[in-house]
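Observations on the model geometry
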Amino acid sequence: MPIFVMEGENKEEPIPSMPGIFRRSIDLTVKECKELFSLGVKAVNLYMKVSEDLKDNTGKEAWNKNGLMQNTIRAIKDALPEMVVMPDVALDPYSIYGHDGIIENGKIVNDATNDALARMSVSHAEAGADIVAPSDMMDGRVQVIREALEDSGFTDVGILSYAAKYASSFYGPFRSALDSAPKDNMEIPKDKKTYQMDFHNSKEALNEVFKDIEEGADIIMIKPGLPYLDIVSKVREAIDLPIAVYNVSGEYAMVKAAAQNGWLDNDKTIIESLTCFKRAGADMIFTYFAKEAAMILNR
């Protein structure tokens, strides 16, 4: 279950573009995690709503030992040690530009960004993360993160790599939830197509997957989900590593909008969609339907 966290105490804000999904303060996030675990959802993927005054072009708040992400990881693991905690590793929530990388002279700089991602990953591991999940799509970042974790003594912390993440229109509701869309600035890239993949291209996906495996990835992510089941299937045929797939915010929002208008059966569509991921070869599904699906399956 992907979870959005915000500053404060006893706070909960609905996300209009994602009916039924909320931003919550740490205390209510822990409460939600306990309910999820009781339903059988035993892994969470964390995202932070970062205050504007903490954003810059370096992303340094991302590795603040007492930052919102680090405090959230500790709180969940203290209250629920058996919950698998997988924090997102990317700079866009911390960037004044809304990009996944550091910008110099109007361009994303790959290597400096990788160094920042490594510091971020180690700080997550120090806070108690079980798996770090780099979603940035910088070249070579899995190796840099793996080396940093090993050098810091975190040999058992896994890496779930977003190996084939496409530049997609299906991310819109997510970006509104975190205010992490690229800013409208003529001096910087207007979108993420310089580092995320072209949706026309399937061959590149396999190349990216093989590179990340060589660099030390433990789990391979394909994102988005339903429109990319062909990629999931191709990768499944090529590798033995666990495959994760992300049922993204736009996919969630479409089902919810149709169900609310009476055009689809909500519960049946959820189970059918999730079954399609398994049929295509996914071992793990990141989905905003996780709680609902668990409730449906527990009936």
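Below or above, wherever it landed, is the structure these notes cover. Worth saying up front: this structure is predicted, and the values here are computed from it rather than measured.

Examining unusual backbone geometry
Residue Pro224 follows Lys223 across a cis peptide bond; omega there is -5 degrees. In this structure, Pro224 sits in the loop between strand 10 (219-223) and helix 7 (229-238). The phi dihedral of Asn105 falls on the positive side, at around 55 degrees, and the residue is not glycine. Tracing the backbone shows Asn105 in the loop between strand 6 (102-104) and strand 7 (107-109). Of note in this structure, Met137 is not a glycine but carries a positive phi near 75 degrees. Considering the arrangement of structural elements, one finds Met137 in the loop between strand 8 (131-134) and helix 4 (141-151).

Structural notes on the nonpolar core
Grouped together as the largest cluster of nonpolar side chains are 95 residues, with contacts concentrated most on Val44, Leu46, Met83 and Leu160. The element that contributes the greatest number of residues to this core is helix 3 (residues 110-127), accounting for seven residues. In this structure Val44 touches Met1, Ile3, Cys33, Leu36, Ile76, Met83, Val84, Val85 and Met86, once residues within four positions along its chain are discounted.

A closer look at the packing of helix 9 (residues 266-280) against helix 10 (residues 290-297)
Across the interface, helix 9 lies against helix 10 with an axial gap of 10 Å and an inter-helix angle of 105 degrees. By the angle class used here, helix 9 and helix 10 are roughly perpendicular. Taking contact as the criterion, the partners of Asn266, Asp267, Ile270, Ile271 and Leu274 in helix 9 are, on helix 10, Glu292, Ala293, Ile296 and Leu297. The residue inventory of the contact of helix 9 with helix 10, partitioned by class, reads six nonpolar, one polar and two charged.

So, the packing of aromatic side chains
Scanning the model with the defined rule gives eight aromatic pairs in all. Taking the centre distance of 4.7 Å and the plane angle of 35 degrees together, the rings of Tyr166 and Tyr228 count as tilted. With Tyr166 in the loop between strand 9 (158-165) and helix 5 (172-178) and Tyr228 in the loop between strand 10 and helix 7, this residue pair connects regions lying 62 residues apart in the sequence. When sorted by exposure, Tyr166 lands in the same class as Tyr228, which is buried. An aromatic cluster is defined as three or more aromatic residues linked by ring pairs; in this entry it consists of Phe4, Tyr47, Tyr162, Tyr246, Tyr252, Phe286, Tyr288 and Phe289.

Structural notes on the environment of Cys276
You can see Cys276 is positioned in helix 9. Along the primary structure Cys276 and Gly225 are separated by 51 residues, whereas in three dimensions their C-alpha atoms are 9.7 Å apart. Other than its neighbours up to four places away in sequence, Cys276 contacts Leu226 and Leu229.

Brief notes about the sheet that holds strand 1 (residues 2-5)
One open sheet holds the 10 strands; their spatial order is 2-3-1-4-5-8-9-10-11-12, and the pairing between them is mixed. Pairing within the sheet leaves two strands with one partner each, and these edge strands are strand 2 (12-14) and strand 12 (284-287). Ignoring which end each strand starts from, the neighbouring axes of this sheet average 30 degrees apart. Where strand 8 meets strand 9, two bridges bridge the pair, whose relative direction is parallel. Among the inter-strand pairings, Ile131 is bridged to a residue of strand 9, identified as Gly158.

Some remarks on the packing of helix 6 (residues 203-215) against helix 7
Where helix 6 meets helix 7, the closest approach of the two axes is 10 Å, and the angle between their N-to-C directions is 45 degrees. It follows from the interaxial angle that helix 6 and helix 7 lie oblique. Where helix 6 crosses over helix 7, the handedness of that crossing is right-handed. Of the residues in helix 7, those in contact with Ala205, Leu206, Val209 and Phe210 of helix 6 are Ile231, Lys234, Val235 and Ala238. For the contact of helix 6 with helix 7, the residue count by class is seven nonpolar, no polar and one charged.

Considerations on the pattern of salt bridges
In the structure shown here, the tally under the stated rule is 15 salt bridges. A salt bridge links Arg23 to Glu13; its shortest N-O distance comes to 3.2 Å. Of this pair, Arg23 sits in strand 3 (residues 22-24) while Glu13 sits in strand 2, and the two are 10 residues apart along the sequence. Among the residues examined, Arg23 registers a relative accessible area of 11% and is labelled buried. Take Glu13: its relative accessible area is 33%, and that puts it in the partly exposed class. Taking the shortest distance from any N to any O, the salt bridge between Arg236 and Asp283 comes out at 2.7 Å. With Arg236 in helix 7 and Asp283 in the loop between helix 9 and strand 12, this pair connects stretches of sequence that are 47 residues apart.

The rules behind these values
Residues numbered from 1 in each chain as written. Predicted model: local features only at pLDDT ≥ 70, side-chain atom pairs only at ≥ 80, totals over all residues. Heavy atoms only, no water. Helix = DSSP H or I, 4+ residues; strand = E, 2+ residues; numbered from the N terminus. Core = buried A, V, L, I, M, F, W, Y, C linked by side-chain atoms within 4.5 Å. Buried < 20%, exposed > 50% of the residue type's maximum accessible area, 1.4 Å probe, protein only. Contact = heavy atoms within 4.5 Å. Axes fitted to C-alpha atoms, helices over the stretch in contact; angles between N-to-C directions. Parallel < 35°, antiparallel > 145°, perpendicular 65-115°, else oblique. Nonpolar A, V, L, I, M, F, W, Y, C, P; charged D, E, K, R; others polar. Phe/Tyr/Trp six-rings, centres within 6.5 Å; stacked < 30°, edge-to-face > 60°. Pairing = 2+ DSSP bridges. Left-handed = near helix turned anticlockwise from the far one by under 90°. Salt bridge = Lys/Arg side-chain N within 4 Å of Asp/Glu carboxyl O.

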